[in-house]
Amino acid sequence: MKEAIHSKAQALNDYLIQTRRHLHAHPELSFEEQETMEYVCSQLSEMGIPFEKGIAGTGIVGYIRGNDAERSCIALRADMDALPIHEQNEVPYKSTNEGVMHACGHDVHTTCLLGAARILNDIKQEFSGTVKLIFQPGEEQSPGGASLMIKAGVLENPRPSAIIGLHVFPELPAGTVAFRPGQYMASADEIHITIKGKGGHAALPHKTIDPITIAANLIVSLQQIVSRRCNPLTPTVLTFGKISGGMVTNVIPETVEILGTMRTFDEPWRKEALELLKKVCEDTCAAWGATAEVHFPDGYPSLYNDPELHDMVKAEAINYLGAEKVGDLDMRMTAEDFSFYSHEIPGCFYRLGTNKDNQEFTFPVHHARFDIDESALITGAGLMAWTAYQYLNK
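Quick caveat, the model's predicted, so the values are computed rather than measured.

**Structural notes on the sheet that holds strand β16 (residues 347-355)**
Here is step 1 of the chain: Ordered in space as β1-β2-β4-β3-β5-β16-β6-β15, the eight strands form an open sheet in which the pairing is mixed. In this open sheet, the two edge strands, each paired with only one partner strand, are β1 (51-55) and β15 (326-328). Put simply, the sheet's adjacent strands are angled 25° from each other on average, direction ignored.
Here is step 2 of the chain: Where strand β2 (residues 59-65) and strand β4 (residues 130-136) come together, six bridges link them in antiparallel fashion. Within β4, the position partnered with isoleucine 64 by the bridge is valine 131.
Here is step 3 of the chain: Of the strands in this sheet, β2, β3 (73-79), β4, β5 (162-173) and β16 are in contact with helix α4 (residues 106-122), which crosses β3 at around 145°.
Here is step 4 of the chain: The sheet strands contacting helix α10 (residues 376-393) are β3, β4, β5, β6 (177-179) and β16, and the helix crosses β3 at an angle near 160°.

**Notes on the environment of glycine 115**
Here is step 1 of the chain: Along the chain, the position of glycine 115 falls in helix α4.
Here is step 2 of the chain: With relative accessibility at 0%, the residue glycine 115 sits in the buried group.
Here is step 3 of the chain: Spatially, the C-alpha atoms of glycine 115 and isoleucine 85 are 27 Å apart, while their sequence positions differ by 30 residues.
Here is step 4 of the chain: Residues contacting glycine 115, with those up to four places away along its chain left out, are Leu12, Leu16 and Ala381.

**Overview of the sheet that holds strand β8 (residues 189-196)**
Strands in a sheet are paired, the pairing made by backbone hydrogen bonds, and the direction either parallel or antiparallel.
Here is step 1 of the chain: Strand order in this open sheet of four strands is β10-β12-β8-β13, and the pairing throughout is antiparallel. Looking at strand neighbours, the two that pair on one side only are β10 (236-244) and β13 (291-295), the edges of this open sheet. Here the average twist between neighbouring strands, direction ignored, is 20°.
Here is step 2 of the chain: Where β8 lies against strand β12 (residues 255-264), eight bridges are found, and the strand directions are antiparallel. Within the sheet, the bridge partner assigned to threonine 194 lies in β12 and is glutamate 257.
Here is step 3 of the chain: Most of the contacts of helix α6 (residues 211-229) go to β10, to which it runs at about 170°, and overall it touches β8, β10 and β12.

**What to know about the nonpolar core**
Here is step 1 of the chain: Ranked by size, the top nonpolar core spans 66 residues in total, and within it Leu76, Leu120, Val131, Leu133, Phe135, Val177 and Tyr350 carry the most contacts.
Here is step 2 of the chain: Among the elements that line this core, the one with the most residues is α10, at eleven residues.
Here is step 3 of the chain: With residues near it in sequence (within four places) discarded, tyrosine 350 still touches Ile164, Gly165, Leu166, His167, Val177, Ala178, Phe179, Val313, Leu383 and Met384.
Here is step 4 of the chain: Among the nonpolar cores identified, the runner-up in size contains 25 residues, and Val256, Trp269, Ala273 and Val294 belong to it.

**Looking at the pairing of β2**
Here is step 1 of the chain: Along β2, six of the seven residues are buried, which leaves the element largely enclosed by surrounding structure.
Here is step 2 of the chain: Sheet topology places β1 next to β2; four bridges connect them, and they run antiparallel. The residue of β2 that forms the bridge with glutamate 52 is valine 61.
Here is step 3 of the chain: Taken together, β1 and the strand that follows it, β2, pair antiparallel across an intervening segment of three residues, in which alanine 56 is found at a positive phi of about 55°.

**With respect to the pattern of salt bridges**
Charged atoms that come close allow side chains of opposite charge to pair.
Here is step 1 of the chain: Applying the stated criterion across every chain, the model contains 21 salt bridges.
Here is step 2 of the chain: Two residues, arginine 20 and aspartate 107, come together in a salt bridge whose shortest N-O distance is 3.0 Å. Taken together, the positions of arginine 20 in helix α2 (residues 13-25) and aspartate 107 in helix α4 put the pair 87 residues apart, joining distant regions of the chain. Across the pair, exposure class does not vary: arginine 20 and aspartate 107 are buried alike.
Here is step 3 of the chain: Two residues, glutamate 374 and arginine 21, come together in a salt bridge whose shortest N-O distance is 2.8 Å. With glutamate 374 in the loop between β16 and α10 and arginine 21 in helix α2, the pair connects residues that are 353 residues apart, well separated along the chain.
Here is step 4 of the chain: By relative accessible area, glutamate 374 is classed as buried at 10%.
Here is step 5 of the chain: Ionic contacts of the salt-bridge type, sharing partners, join the residues Arg20, Arg21, Asp107, Asp371 and Glu374 into one network.

What counts, and where the lines are drawn
- Residues numbered from 1 in each chain as written.
- Predicted model: local features only at pLDDT ≥ 70, side-chain atom pairs only at ≥ 80, totals over all residues.
- Heavy atoms only, no water.
- Pairing = 2+ DSSP bridges.
- Helix = DSSP H or I, 4+ residues; strand = E, 2+ residues; numbered from the N terminus.
- Axes fitted to C-alpha atoms, helices over the stretch in contact; angles between N-to-C directions.
- Contact = heavy atoms within 4.5 Å.
- Buried < 20%, exposed > 50% of the residue type's maximum accessible area, 1.4 Å probe, protein only.
- Core = buried A, V, L, I, M, F, W, Y, C linked by side-chain atoms within 4.5 Å.
- Salt bridge = Lys/Arg side-chain N within 4 Å of Asp/Glu carboxyl O.

What follows is the structure, given as structure tokens:
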């Protein structure tokens, strides 16, 4: 069966390229994936795969039922949304939606899952159980499409015993994949702070409550949560990416806005750190006669790869691709909403190499010139199909 899946994946090359280029040329922002949803549904309909659409807005769930469909279930997941980036690639499939781009490879993920679906649907008489195909919206935007899909019941009826997802990785060449067991990606929480003081003339600071000076003190104080309250063995990042306040040189403003992010791998510490951050903000501002409004939108938990499932998927990747094509990953402080699934059921999230001989297509994700060696699509679709087939038959 391995050679059959290899052959089927190779035979899908033109389909995969056409599909990926269509999706790349028609990107849509998080939770706005209406055309993408309809396109994916049209592909599933053409394959004769039953599905439900409109889940959490624009999500889709398809079902490939093999022999004894109730015996077991595995879920395969892809995300569909794009980023608010002006594409700088001059290619025939360049984004036609100005200011929106598939710069994180979700067009690749969706294409690989559609390719895997074609293969698995062709061989469904050769395995027992059900493959649940999850095409989700809004990975790039809080609260994360995965969390909304879960609330809508995507992990029920039937409940998968495992879920697998992949992500493009321009640091590795096409044809390769890489894995990491246990903690892999960090949690991510947005931080929104508004300091409210008392504005006035810059030459009369004693008659004001200067939120800019308070903001400067506050940022320094907040960094000490990481350096002095966090266990040094717990990776944690606290970064502020925006400070906004005032308009001219001689006016002290009423308010200052600070935006940032916090990342870690320890869920109890994550909760404690956010509580500390809020308290430091409120107490520091109060000490100077100001007030603080602190808001944390619902963030993403850390991503945990189930060790047993990881071992199985990595072993099958070696079986399918060869040991020289399978590598290991370091922990990352970036985040992914696949993490929501990994806290509900055993999950394995791995990386798909997408550059060409480490020479071309090396721009990182979220870059306006991100692109891929499209031969990676064959690897992505074939390995996903092979892994699901092996999982259900074991």
